[in-house]
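# Residue-level structure breakdown
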Amino acid sequence: MYTETKNIHDCCGCQACMMICGKNAITMSVNEEGFAYPVLNSDKCVRCGLCAKVCPGEKDYVREAADPDIYAVKSKSGEVLQSSSSGGMFSILSRWILDRGGVVYGAAFDESFRLSHIRGETDRDILKMRTSKYVESDISGVYEAARSDLLAGRYVLLTGTPCQISALLAWLKMRHVPTDTLYTMDVICHGVPSRKVWADYVDILRKDFLPSGHRITGINMRSKKVSWEKQEVAATLDSGEVKLLSDFSFNRLFLSLNITRPSCFHCRYTSYQRVSDFTLGDFWNFDQARLRFDPRGGVNEVLVNTAKGRALFEQVRENADIQPLTKEVAWQPHLEYPAKEPAGRAKFWNEYLSSEDKKAVISRYMKGSFVTRVIHAVTPLLRKTGLYTIAGKCYKLVFGKK
Ligand SMILES: Cc1cc2nc3c(=O)[nH]c(=O)nc-3n(C[C@H](O)[C@H](O)[C@H](O)COP(=O)(O)OP(=O)(O)OC[C@H]3O[C@@H](n4cnc5c(N)ncnc54)[C@H](O)[C@@H]3O)c2cc1C
């Protein structure tokens, strides 16, 4: 693990090692890119090995085969659909949990747009968790709180990236917490961006992009104001006005991969073998799937991975339009391999850290590399013609080895 190798590819920042250490020998330190890594105090360490045992970087699911049930899912609730990233499956699961007096854990912005996982018991809390935030979320508050909820016998839904769920599950197991009432949901994950660049971006929005004298009250990184497919970033002002940020979109910087956490390029969770009961993504391949319902507004790709997940799915399926999918039509790159580190990542960070004008650097790199621009331009066409899966596998053969 990272405390021994000092290799940044080995640490996903989940903080499980710090949380499990009974000697308080591990603290977290944030590096210049804004990613936190564990620091071991060897005077306090008794070499019990618990930190390595709990570490999601020590596991490897890549190339493991599995046959989950796969569905295209679209919530029947217009309100849920409008305020979710894709088909609203997260909210369907949350509804079932809340109706039974349970607790949901998910990523939400605070008033300053810092992202962390919060504990939710109300519809208001779920609303804050809705939509993908393309920033690394701090899950340190979840461990003890989820433990208390499970010990109290409450239903709990833990949601997050696969490495976060892996960390939480390992930690709960090592603390001998009963998990009969626990459900887990992860996302098909492209990687998590730097909190530092996100904070700078929000500052730039406040200063340069929005009318002075106004406060930002909300930021939606999956606004459906134009359409689900467009994936626009939108800021809501205290006046109620919603401004689309198409020309200065954090999502485009996210997709350039220059600000992604280094461990994501070596993700151990990119396969059909999942750690959670449910895995959720966007289902873009709807043309090939010949959906029997209208995909406009958003559709989830849902992998139901466990018997427990299947039992719950049967109870909630009436709340959505649903169609079973084959593995072929549901294929996505990050169910097979991680995102590839861009060749210019080091150059980006050199420029970013040394420049006073962060806005200029962000604007320049938002465009992405030539390769990413070509990929994004041809992807819709590949999906329409049914060549997306073949192209994705070729990409892996050509670029995966480099
Ligand atoms: C960083 C990230 C990368 C993703 N990459 C892909 C991808 O490559 N392909 C794909 O098909 N889908 C990807 N997704 C998933 C997709 O964007 C939707 O989140 C998913 O389809 C669920 O949609 P929904 O409508 O059911 O729920 P929503 O209402 O959108 O639910 C949001 C859920 O995501 C969780 N969440 C939001 N932001 C974060 C975060 N930063 N860290 C951890 N959990 C978070 C919330 O806790 C909640 O559980 C990604 C999501 C994230 C957060």
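Residues numbered from 1 in each chain as written. Predicted model: local features only at pLDDT ≥ 70, side-chain atom pairs only at ≥ 80, totals over all residues.

## As for the overall build of the protein
Test applied: Note on conventions: DSSP H or I runs of at least 4 residues are helices, E runs of at least 2 residues are strands, and numbering of each starts at the N terminus. Atoms counted for the radius of gyration: C-alpha only. Globule rule: 2.2 Å times residue count to the power 0.38. Each residue is classified by how many other C-beta atoms fall within 10 Å of its C-beta atom, where C-beta atoms are placed from the backbone; a count of 20 or more means buried, 12 or fewer means exposed, and values in between mean partly exposed. A residue pair is marked as a contact if its C-beta atoms, positioned from the backbone, fall within 7 Å.
Across its full length, the protein carries 17 helices and 13 strands. Computed over C-alpha atoms, the radius of gyration of the protein comes to 21 Å, within 12% of the 21 Å expected from 2.2 N^0.38 for 402 residues, which places it in the range of a compact globule. Dimensions of the protein, computed from C-alpha atoms along their principal axes, come out at roughly 55 × 55 × 50 Å. Split into buried and exposed, the 402 residues of the protein put 44% on the buried side. Contacts in the protein between residues far apart in sequence, at least 24 positions, make up 72% of those at least 6 positions apart.

## Quick notes on the domain arrangement of the protein
Accessible area lost upon the coming together of the parts is a frequently used measure of interface size. Quick reminder of the rule: Each domain's extent was defined by an automatic or database domain assignment.
Taken domain by domain, the protein consists of domain 1 (2-54), domain 2 (69-192 + 260-335) and domain 3 (195-259 + 338-368). The centre of domain 1, based on its C-alpha atoms, is set 30 Å off from the matching centre of domain 3.

## Brief notes about the site of the ligand
Applicable threshold: In this analysis, residues qualify as near a molecule or strand once their C-beta atom, positioned from backbone atoms, comes within 6 Å of it. Gly is put with the polar residues, along with every residue not named as nonpolar or charged; the nonpolar set is Ala, Val, Leu, Ile, Met, Phe, Trp, Tyr, Cys and Pro, and the charged set is Asp, Glu, Lys and Arg.
Around the ligand there are 34 residues in total, and Ser84, Ser85, Gly106, Thr159 and Gly281 lie nearest to it. Looking at the shell around the ligand, the elements with two or more residues in it are α5 (89-99), β4 (103-109), β6 (156-160), β11 (278-282) and β12 (300-304). Residues of the shell around the ligand, tallied by class, amount to 12 nonpolar, 18 polar and 4 charged.

## Section: unusual backbone geometry
Backbone geometry places Thr131, a non-glycine residue, at a positive phi of 75°. Relative to the elements of secondary structure, Thr131 occurs in the loop between α6 (123-129) and α7 (142-151). Looking at Thr131, the number of C-beta atoms within 10 Å reads 20, which means it is buried. Phi angles above zero are rare outside glycine, and Gln231 is one such case at about 50°.

## A word on α7
Note the threshold: Read the arc as the range of directions from the helix axis to the C-beta atoms.
Looking only at α7, the buried set comprises Val142, Tyr143, Ala146, Asp149 and Leu150. Taken around the axis of α7, the buried residues stretch over an arc of 135°, which confines them to a single face. Every exposed residue of α7 that faces more than 90 degrees away from the buried side is listed here: Glu144 and Leu151. Residues of α7 that are buried make contact with α2 (16-20), β4, β5 (115-120), β6, α8 (162-174) and β7 (182-187). Once α7 finishes, Gly153 follows within two positions and takes phi at roughly 80°, a positive value.

## Things to note about the sheet that holds β12
Let me state the cut-off plainly: Strands pair, by our definition, only if DSSP identifies at least two bridges between them. What counts as an axis is a line fitted to C-alpha atoms, over the stretch in contact for a helix, and the angles between N-to-C directions run from 0 to 180 degrees.
Spatially, β5-β4-β6-β7-β11-β12-β3-β13 is the arrangement adopted by the 8 strands of the open sheet, whose pairing is mixed. Edge positions in the sheet fall to β5 and β13 (320-324), since each has one partner strand and no second. Taking the axes of each pair of neighbouring strands and ignoring which way they run, one obtains an average angle of 25° across the sheet. Helix-sheet contacts for α7 involve β4, β5, β6 and β7, and the interaxial angle to β6 is about 155°. Running over the sheet, helix α12 (residues 307-316) touches β3 (69-75), β7, β11 and β12 and is turned about 130° from β12.

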